[in-house]
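Residue-level structure breakdown
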Amino acid sequence: MNPDEVLRIVEQIHLERKIDKEIVFVGIEQALVVAARKQGMDDSNVIVHIDRQTGEITAYRDNVPLTPSEIAERIGAQTAKQVMIQKIREAERDAVYDEYFGRIGQMESGVVYRNEGGATTVTLQNVEAVLPNAEKIPIGQKGEGRTLRENFRPGDRIHAVIVDVKKAGTKVKVILSRSRPIFVQRLFEQEVPEIAEGIIVIKGISREAGNRTKVAVYCSDPRIDSVGACIGMRKSRIRNILDELGNERIDVVAWESDLLAFIPKALQPAAVDEVILCSMLGRAIVLVQKDQRSLAIGRKGQNVRLASRLCDWDIDIMTREELDQILSNAVEDFLKIDGMSADLADCLVGEGYFSYDDLSVIEPPALMEMGNLTKDEADHITEQADFFADQLEKEALEPKENDEINEENEKENDLMENEA
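None of these values were measured; they are calculated from a predicted model.

Definitions and limits used
- Residues numbered from 1 in each chain as written.
- Predicted model: local features only at pLDDT ≥ 70, side-chain atom pairs only at ≥ 80, totals over all residues.
- Heavy atoms only, no water.
- Helix = DSSP H or I, 4+ residues; strand = E, 2+ residues; numbered from the N terminus.
- Polar contact = N/O pair within 3.5 Å; in protein donor to acceptor, adjacent residues only side chain to side chain.
- Contact = heavy atoms within 4.5 Å.
- Core = buried A, V, L, I, M, F, W, Y, C linked by side-chain atoms within 4.5 Å.
- Buried < 20%, exposed > 50% of the residue type's maximum accessible area, 1.4 Å probe, protein only.
- Pairing = 2+ DSSP bridges.
- Axes fitted to C-alpha atoms, helices over the stretch in contact; angles between N-to-C directions.
- Parallel < 35°, antiparallel > 145°, perpendicular 65-115°, else oblique.
- Left-handed = near helix turned anticlockwise from the far one by under 90°.
- Salt bridge = Lys/Arg side-chain N within 4 Å of Asp/Glu carboxyl O.
- Arc of directions from axis to C-beta.
- Expected span 1.5 Å × (residues − 1).
- Phe/Tyr/Trp six-rings, centres within 6.5 Å; stacked < 30°, edge-to-face > 60°.
- Lys NZ or Arg CZ within 6 Å of the ring centre and 35° of its normal.

Before going further, it helps to examine the side chain of Asp-251. The topology assignment puts Asp-251 in strand 13 (residues 249-254). Of the polar contacts made by the side chain of Asp-251, one reaches the side chain of Lys-214; its length is 3.2 Å. Asp-251 has contacts with Arg-212, Thr-213, Lys-214, Val-215 and Gln-268, leaving out every residue within four places of it along the chain.

Another point: the nonpolar core. Core analysis: the largest hydrophobic core is formed by 26 residues, its most contacted members being Phe-334, Met-340, Leu-348 and Leu-367. Going through the elements one at a time, strand 15 (283-287), helix 12 (320-334), helix 13 (342-350), helix 14 (356-360), helix 15 (364-371) and helix 16 (375-419) are the ones with two or more residues in this core. With residues up to four places along the chain from it excluded, the contact list for Met-340 reads Phe-334, Leu-335, Ala-345, Leu-348, Leu-359 and Ile-381. Ile-137, Val-163, Ile-175 and Phe-183 belong to the second-largest nonpolar core, a separate cluster that totals 25 residues.

The next point concerns the sheet that holds strand 3 (residues 64-66). With respect to topology, 3 strands assemble into an open sheet ordered 1-2-3, the strand pairing being antiparallel. Of all the strands in the sheet, the pair left with one neighbour each is strand 1 (46-50) and strand 3. Sheet twist, expressed as the average angle between the axes of neighbouring strands with direction ignored, equals 25 degrees.

Mapping Gln-384 onto the fold places it in helix 16. A distance of 2.9 Å separates a polar side-chain atom of Gln-384 from the backbone oxygen of Asp-338. Every residue in contact with Gln-384, bar those within four places of it in the chain, is listed here: Ile-337 and Asp-338.

Bringing the environment of Val-217 into the picture now. With respect to the helices, strands and loops of the structure, Val-217 is situated in strand 12 (residues 212-218). The residues contacting Val-217, other than those within four sequence positions of it, are Ile-200, Val-201, Ile-202, Lys-203, Ser-226, Val-227, Cys-230, Val-252, Val-253, Ala-254 and Trp-255.

A pair of packed helices is characterised by two quantities: the angle between their axes and the separation of those axes. Remark: helix 12 packs on helix 13, axes separated minimally by 9 Å, with the N-to-C direction vectors making an angle of 140 degrees. Here helix 12 is positioned oblique relative to helix 13, judged by the angle of their axes. Between helix 12 and helix 13 lies a crossing whose hand is right-handed. Only Ala-345, Asp-346, Leu-348 and Val-349 of helix 13 make contact with helix 12, whose side of the interface consists of Leu-327, Ala-330, Val-331 and Phe-334.

Let us look at the pattern of salt bridges. As enumerated under the stated definition, the model contains 28 salt bridges in all. The closest approach of N and O atoms between Glu-150 and Arg-178, which form a salt bridge, is 2.8 Å. Remark: Arg-178 occurs in the loop between strand 10 (171-177) and helix 5 (181-191) and Glu-150 occurs in the loop between strand 8 (146-149) and strand 9 (157-168); sequence separation between them is 28 residues. Judged on exposure class, the residue Glu-150 and its partner Arg-178 are both buried. With a shortest N-O distance of 3.2 Å, Lys-214 and Asp-251 are connected by a salt bridge. Of the two residues, Lys-214 sits in strand 12 while Asp-251 sits in strand 13, which places them 37 residues apart along the sequence.

Attention now moves to helix 13. Leu-344, Ala-345, Leu-348 and Val-349 are the residues of helix 13 that are buried. Along the axis of helix 13, the buried positions cluster into a sector of 135 degrees, meaning they face one direction only. Facing away from the buried side of helix 13 by more than 90 degrees, the exposed set consists of Asp-343 and Gly-350. Just past helix 13, the residue Gly-352 takes up positive phi, approximately 100 degrees.

The periodicity of an α-helix, 3.6 residues per turn, causes residues three or four places apart in sequence to face the same way. Here helix 1 (residues 3-17) spans 21 Å end to end across 15 residues, near enough to the 21 Å set by a 1.5 Å rise per residue. Three or more residues of helix 1 are buried, namely Val-6, Ile-9, Val-10 and Ile-13. Looking straight down helix 1, one finds its buried side chains confined to an arc of 95 degrees; they lie on one side. Every exposed residue of helix 1 that faces more than 90 degrees away from the buried side is listed here: Asp-4, Leu-15 and Glu-16.

The strand order across the open sheet built from 3 strands is 11-12-13, with neighbouring strands paired in mixed fashion. Where the open sheet ends on each side, the last strands, each with one partner, are strand 11 (201-208) and strand 13. Within the sheet, the average angular offset between the axes of one strand and its neighbour, ignoring direction, is 15 degrees. Where strand 11 lies against strand 12, 7 bridges are found, and the strand directions are antiparallel. Bridging across to strand 12, Val-201 finds its partner in Tyr-218. Packed on one face of the sheet, helix 11 (residues 302-311) meets strand 11, strand 12 and strand 13 and runs near 145 degrees to strand 11.

Following the criterion strictly, the structure yields 5 aromatic pairs and no others. Their ring planes at 80 degrees and their centres at 5.4 Å tell us that Tyr-218 and Trp-255 sit as a pair that is edge-to-face. Taken together, the residues Tyr-218 in strand 12 and Trp-255 in the loop between strand 13 and helix 9 (259-266) connect sequence positions 37 residues apart. The exposure class assigned to Trp-255 is partly exposed, which follows from its relative accessible area of 25%. Ring-pair connections join several aromatic residues into one group, and the members of that group are Phe-334, Tyr-356, Phe-387 and Phe-388. Over the face of the ring belonging to Tyr-100 we find Arg-103, whose NZ or CZ atom lies 4.4 Å from the ring centre.

The analysis is restricted to geometry; functional conclusions fall outside its scope.
Structure representation (structure tokens):
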């Protein structure tokens, strides 16, 4: 391999495969070292260097220079070519890996190539990516409780977000997703210029793909309606997002730093009467009218669940009457604990501790401060709370166990009757 040929090969690979020249030079050098070792130099310290300007090859064996003829003799051309191809493929893989690893979280557009085993292969610019079935948007249910997910045909152009990049032999495996919250965020950035420009900021997204998503947006400029900008005139902006998501329901709400103001917005469209924050437990008690309770909770608890994720607080929905009953029951239960005073019980309930389970996780220093207790007294209370919590759990399981026993007895009786 003469110097001009080396430079020509490097330039050709650099232009055709978009691999940095230095990576190609290093790959050829490594290939020549491997080839030399395969030609009887495996027990030697072989070093090969290629001049980046002239393409001239210099080689050393145990720090002794090899002449050009020795290089040609010692390093078989065919072996060097095979190893060089392998090294270049590895360099090409590494370049593709670095490119797409840096694009994790970005939106990509590709063409569906094939479907296999539920997964969809998508052709991107210079790599084939995979959209696993689990990363597709659910569109319904099929037999035996299995989830039916969106289906694509070869030739369809789709959008998805890169969520993972892995090396697999000489290839790169790129994983796509359409079901994660980041996909919704990228769609908003694409459709709403104010978000792309940073004028409006997405503060949080909670999503149950295929059903419902809540998006919290914020703008520091009070003259701009952040929610209205995201929805657009006559819903023009959000309609494109809904079309991409298969008409998944999207609630866009204005973010507030004050949780007392933000939680009611996160629970829209339900009307909220009052929010009580129990900061020690990270729990918010939301009081609503009786006719708003089911709306606040949502179908199968979806509305309150998404609101909780958006606010990063546990949210309990209840009416004023339900809260009063819970407070009364909690105080009554806490007074069964040895060493518990009425004042401490009231204080605990006021901080949002409503059950023995809640008490079992309280930090001893906090309990000591609230009740002016010693460490031994605080430990004694939490130990009793653990005991009562375990007892209640066992009592809750007993009816189920009895039902199972009764069901088995009924089956045996039916079998005996049939045999008779």
